Amino acid sequence: MAGLTKKYGEVVAVAGIDLEIARGEFFTMLGPSGSGKTTTLRMIAGFEDPSAGTIELAGEDVSGVPPYDRAVNTVFQDYALFPHMTVGDNVAYGLKVAGVDKSERAKRRDEALEMVRLPGYAERKPSELSGGQRQRVALARAIVNRPKVLLLDEPLGALDLKLREQMQIELKTIQREVGITFVYVTHDQDEALTMSDRIAVFSEGRIEQVSPPQELYEHPVNEFVAGFVGVSNVIERDGKRLTIRPEKIELLDSTAAPGGLHSERGKVVEVAYAGMVTRYTVALDAGGTLQLVRQNVDSASSGALPEQGKEVLVGWRPEHAASVHGKSTNEEEAS
Ligand code: ADP
Ligand code: MG
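Residues numbered from 1 in each chain as written. Chains lettered and ligands numbered in written order. Predicted model: local features only at pLDDT ≥ 70, side-chain atom pairs only at ≥ 80, totals over all residues. Heavy atoms only, no water.

Visitor: I'm lost on the site of ligand 1 in this one. Help?
Guide: Every residue near ligand 1 is listed here: Tyr8, Ala13, Pro32, Ser33, Gly34, Ser35, Gly36, Lys37, Thr38 and Thr39. At 3.1 Å from an oxygen atom of ligand 1 is found a main-chain nitrogen or oxygen belonging to serine 35. Between threonine 39 and ligand 1, the recorded distance is 2.5 Å, taken from a side-chain N or O atom to an oxygen atom. Relative to its free-state accessible area of 560 Å², ligand 1 is covered by the protein chains to the extent of 59%. With three residues, the single largest contributor to the shell around ligand 1 is helix α1 (residues 37-45). Across the shell around ligand 1, the residue classes tally to three nonpolar, six polar and one charged. (Near = heavy atom within 4 Å. Polar contact = N/O pair within 3.5 Å; in protein donor to acceptor, adjacent residues only side chain to side chain. Areas by Shrake-Rupley, 256 points an atom, 1.4 Å probe, with all protein chains shown as cover. Helix = DSSP H or I, 4+ residues; strand = E, 2+ residues; numbered from the N terminus. Nonpolar A, V, L, I, M, F, W, Y, C, P; charged D, E, K, R; others polar.)

Right under this line is the structure:
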């Protein structure tokens, strides 16, 4: 897509985005609520017309092509299954509408249910399924007519955390197996990092950065991205703004830092025990606060870990302090 823009009166929902998504890619649009993700997805699906810009699918401009003629399907958060129909009829519904004959329909229905790990569920009613299973039926229904691109708008948003984490892994596996391009919308950074080949970070209708998960996390281009994807740990040193990820910061026992580490003194201002890890907030003597985490390898109750108010030495490898622009690209352009 190029120069893609959507205005609703005065509101600029999408402010001119350029993106190229590769075939077979798991591509995620990540951003806070109201940043334009759903609007972008709806324009790809054909439910909304762009105010400006173009969208190509498999090399063809789809301007003016209605949703049902695009090789695209959408999965929403509220899976919207037909409650009175069986699971099998729900999955095969689109094929029936398209005039696919009965035996072919049954074959493709069973293939799709197999792909989402629900073989043998065709005769059940949606009400007899769990939330996760219903979402898988919605997925089967969306892949049964073999779209080139599947659009997913916060599809796991209604599930509780455990199930959501399990479904993240499963969705990624299914995507790899079926080979369909996924364009996935979420506001959950962990979800984005877990599942995606690449992530576009949205803010106020624009894209701040497009990168694979690891690069996004380790080399955020600005403070907005650094803060939205991960903990915002920004300090200013020598006129430069630096971001350092919590897990890269060590709590040093001795008064002298081991060779190669940049170290600073500070005071523990907050301790939050979270089971697997403990999170510390340290106010540095040279200014700024940093959050760091320590794995609770030893028992946290043994008294070996620093408490609130304690003076500590923290250190990090200089290459883990990434220099970031203070502003987001949006603000720079606006000012
Ligand atoms: P996201 O999915 O990232 O939460 P949306 O794409 O839904 O964001 O919305 C982006 C912006 O566009 C928001 O400010 C929203 O209020 C506005 N918006 C979305 N749809 C409409 C609409 N139909 N009419 C007016 N404003 C809209
Ligand atoms: Mg949305």
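Visitor: Which parts of the structure should I look at to understand the packing of helix α2 (residues 87-97) against helix α4 (residues 131-143)?
Guide: Helix-helix packing is characterised by the crossing angle of the two axes and by the distance between the axes. Where α2 meets α4, the axes come as close as 7 Å, and the angle between the chain directions of the two elements is 30°. Judged by the angle between their axes, α2 and α4 are roughly parallel. The way α2 lies across α4 gives a crossing that is right-handed. Contacts from Val87, Asn90 and Val91 in α2 reach Val137, Ala140 and Arg141 in α4. For the contact of α2 with α4, a count of residues per class yields four nonpolar, one polar and one charged. (Axes fitted to C-alpha atoms, helices over the stretch in contact; angles between N-to-C directions. Parallel < 35°, antiparallel > 145°, perpendicular 65-115°, else oblique. Left-handed = near helix turned anticlockwise from the far one by under 90°. Contact = heavy atoms within 4.5 Å.)

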